Amino acid sequence: MTSRRWAWTASVLCITSACGGGGQTVPPGGAAGTVGLGGAGGDMLGGEVGGAAGATVDGGVGGAAGEVVDGGTAGGAGAGAMAGSGGAPAVARTVPDASNSPRLCSDLFDQSVLTAYSFEISADDWAKLDADFHDLKDVLAGTPPQTYYPIVLHYGSETVSNAAVRLRGKSSWVNTVMFDTNPKMAFDISFDQYDTHQKFHGISTIHFEMARDEWSFLSERVGNNWFRGIGLTAPCSNSATITINGQFYGLYVAEEGITKPLLAQYFPGNADGDLIKGGTEAHTNIGTTNWTKVQALDSANDMTTLRTLVDVPNTVLEWAAEAVVEDADGYYGGSHNFWIYDEGSAGYVWLLDHSDSALEWLEVFTPSLGYKEHPIYWWAGRALPDPPAKNYLLVINDPAARAQYVDAIATQVAKWNPAQITSWIDAWSQQIATAVAADTHKWATMDQFTMAVSAMKDMVQNRPQYLQEFVACENGDPAQATDQDADGVPWCNDCDDSNASVSPSAPEVCGNHIDDNCNGVVDENCPGETPGFPGEPDGGVPPSAGADAGVVTDAGRG
Ligand SMILES: [Ca+2]
Ligand SMILES: [Ca+2]
Ligand SMILES: [Ca+2]
């Protein structure tokens, strides 16, 4: 494939000239084939419109995808080429991501259109899906109902008669059912449940995130596109609407997920490693996962051991990118959502798992902090932060590893281009505005949507300078290395620069519920006390106090 630049240019034009509505665009390369039958895409030259779809061949002989040559428009591979079995699989038509990174996406994740999916489901199956949706007992128990139900899916002029739908999500699922007037389902739509070889536009399953907490509907989309642009593993994603049995249901962030083909793009030659969600749940190599190695990682309690098991240079680059986007529930941010991927001899590398609580999230929900979340002590000033993860603490409490992480922040913030990202937010917020208004299942109001979009732009604009000041402070720049509490430790290395008795050089004081020495643990090595973490309601409380439901009284938190 050559000459990809044209495609983004064409896509930009589409934003302003309405050259194709959500999913209604017929690929210039030719009409799609019938599902199950092969169709050849057209080969393009010199910007000409491609040829018609190839004749369908019974038995699903795969058609060739269109090849982009010198400014041409790719021919659309027939849908049948991707859905058929028995023939050589065709390559799906591809588009670049917003960053124009070299790793291409299925055209389902075109940035220039608001894609539109609709499906029909029987009344009986819909009732079952709805019952699954309200089954919070199982969701809360960590075993959410995951039954797939058959649907007939429509995408533009294409139909997949044997697609399947199921619910997805965890905390947002619980929250929408418990708190929202008109709760919103999040979906996985799968093409290979009833025919294991079937793909649609090269994709096996599309994840539709409800975007409950991301009032802008854009955090994850922006995060994924930026990560991809700086060479970090992230799925292709865009925005999409879903219509069910003829009725508009809602707006979603659509994404591909971390799949084998995606891993093959980022880890060429090593796409078969163990992919483990949260460090505990195998998603590839199920049954053959190297749990002994995972166990060794769990047991690692010093940097020397960690370096034998983890690709530290690439992992700190990933954490640093999370710090740049303020991924408030990533590994940076408390280890709520993350993947580890086994690169083999290089060890595990951390991967992004959803940036839905990034970008505007803190601006909206913790405005006192906004874009000024400390890149090392991210918990400082947050109301109810997650506990810092063990391996994160090993890194920040080891001088050499901490310096590596600081360098990684300098590297990643240099790749943040506010003008580029603002242009995405402007184009995409306009692209989805009508669908946001029409979404009666959303949590946010229209005003909150508008506010969140502007909060996101504020963050995009201001975070880089804050991080550059942090890096300058780390480098000893006297103009930036300020020390408000005059404890001899500048703000960049001080977890509380307003309290002279708290800093990495202070001793840990037992029983005060404060992380005095800034190591991310409250009241450690204190006889009779269970160590806690900063911001924990009962952090460091003696077990005898029985304060698991304790009232927040200490001053060490925001
Ligand atoms: Ca200080
Ligand atoms: Ca203490
Ligand atoms: Ca401590």
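Heads up: the structure comes first, above all this text.
The structure reproduced in this document is the subject of the present report.

How each quantity is defined
- Residues numbered from 1 in each chain as written.
- Chains lettered and ligands numbered in written order.
- Predicted model: local features only at pLDDT ≥ 70, side-chain atom pairs only at ≥ 80, totals over all residues.
- Heavy atoms only, no water.
- Helix = DSSP H or I, 4+ residues; strand = E, 2+ residues; numbered from the N terminus.
- Buried < 20%, exposed > 50% of the residue type's maximum accessible area, 1.4 Å probe, protein only.
- Lys, Arg positive; Asp, Glu negative; His and termini not counted.
- Salt bridge = Lys/Arg side-chain N within 4 Å of Asp/Glu carboxyl O.
- Polar contact = N/O pair within 3.5 Å; in protein donor to acceptor, adjacent residues only side chain to side chain.
- Contact = heavy atoms within 4.5 Å.
- Expected span 1.5 Å × (residues − 1).
- Bend = angle between axes of the 7 residues up to and from the residue.
- Donors = N, O, S within 2.8 Å, 3.2 Å for Na, K, Ca; no water.
- Tetrahedral: all angles 85-135°; square planar, octahedral: opposite > 155°, others 65-115°.
- Core = buried A, V, L, I, M, F, W, Y, C linked by side-chain atoms within 4.5 Å.
- Pairing = 2+ DSSP bridges.
- Axes fitted to C-alpha atoms, helices over the stretch in contact; angles between N-to-C directions.

## What to know about the side chain of glutamate 360
Examined against the element boundaries, glutamate 360 turns out to sit in the loop between strand 13 (348–352) and helix 11 (361–365). An unpaired buried charge is present at glutamate 360: no salt bridge exists, and arginine 212, the closest side chain of opposite charge, is 12 Å distant. Of note is the side chain of glutamate 360, whose polar atom sits 3.1 Å from the side chain of serine 216. Residues within four places of glutamate 360 in sequence aside, it is in contact with Glu214, Trp215, Ser216, Ser219, Ala452, Ala455 and Met456.

## A word on helix 15 (residues 446–474)
In this model helix 15 runs 41 Å from its N-terminal to its C-terminal C-alpha over 29 residues, within 8% of the 42 Å that 1.5 Å per residue would give. Approximately 30° is the largest bend angle found in helix 15, and it occurs at asparagine 462, with the proline proline 464 only one to four residues beyond. Where helix 15 ends, the next residue or the one after it, glycine 476, has phi of about 85°, a positive value.

## Considerations on the coordination of the calcium ion (ligand 3)
Protein coordination of the calcium ion (ligand 3) is provided by Glu508 (OE), Asp515 (OD), Asn517 (OD1), Asn519 (OD1), Val521 (O), Glu524 (OE) and Glu524 (OE), with donor distances spanning 2.2 to 2.8 Å. Spacing between the donor residues of the calcium ion (ligand 3) along the chain follows E-x6-D-x1-N-x1-N-x1-V-x2-E. Separating the calcium ion (ligand 3) from the calcium ion (ligand 2) is a distance of 5.9 Å, and glutamate 508 supplies a donor atom to each of them. For the pair aspartate 515 and asparagine 517, one class covers both residues: buried.

## Some details on the coordination of the calcium ion (ligand 2)
Looking at the metal site, the calcium ion (ligand 2) is ligated by Glu508 (OE), Val509 (O), Asn512 (OD1), Ile514 (O), Asp516 (OD) and Asp523 (OD), spaced 2.2 to 2.4 Å from it. Note that the calcium ion (ligand 2) binds six donor atoms; their angles at the metal cover 73 to 175°, and the shape is octahedral. In this structure aspartate 523 comes out as buried when scored by relative accessible area, which is 0%.

## Quick look at the pattern of salt bridges
Applying the stated criterion to the full structure yields 18 salt bridges. Notably, a salt bridge pairs arginine 228 with aspartate 97, separated by 2.7 Å at the nearest N-O pair. Within this pair, whereas arginine 228 is found in helix 6 (residues 219–229), its partner aspartate 97 is found in the loop between strand 1 (94–95) and strand 2 (105–106), the two being separated by 131 residues in sequence. A residue is classified by how much of its surface remains accessible, and arginine 228, at 1% relative accessible area, is buried. Overall, aspartate 97 belongs to the buried group, its relative accessible area being 0%.

## Remarks on the nonpolar core
Core analysis: the biggest nonpolar cluster contains 78 residues, and Val222, Trp226, Trp350, Leu359, Tyr392 and Tyr405 have the highest contact counts within it. With 10 residues, the top contributor of residues to this core is helix 15. Grouped together as the second largest cluster of nonpolar side chains are 39 residues, Val95, Phe119, Ala186 and Phe191 included.

## Description of the sheet that holds strand 13
In a beta sheet, neighbouring strands are held together by backbone hydrogen bonds and run either parallel or antiparallel to one another. On the basis of which strands lie adjacent, the open sheet formed by four strands has the order 11-10-12-13 and antiparallel pairing. This sheet does not close on itself; its edge strands, each paired only once, are strand 11 (281–282) and strand 13. Here five bridges tie strand 12 (residues 338–342) to strand 13, and the two strands are oriented antiparallel to one another. Pairing of phenylalanine 338 across the sheet is with leucine 352, part of strand 13.

## Describing the sheet that holds strand 8 (residues 237–244)
Reading around the circumference, 3-4-5-6-7-9-8 is the order of the seven strands in this closed barrel, with mixed pairing throughout. Strand-to-strand twist of the sheet, defined as the mean angle between neighbouring strand axes without regard to direction, takes the value 40°. Pairing of strand 5 (residues 158–167) with strand 6 (residues 187–190) involves four bridges; the strand directions are antiparallel. Bridge pairing links arginine 166 to aspartate 188 in strand 6.

These results come straight from atomic positions and should not be treated as a statement about function.
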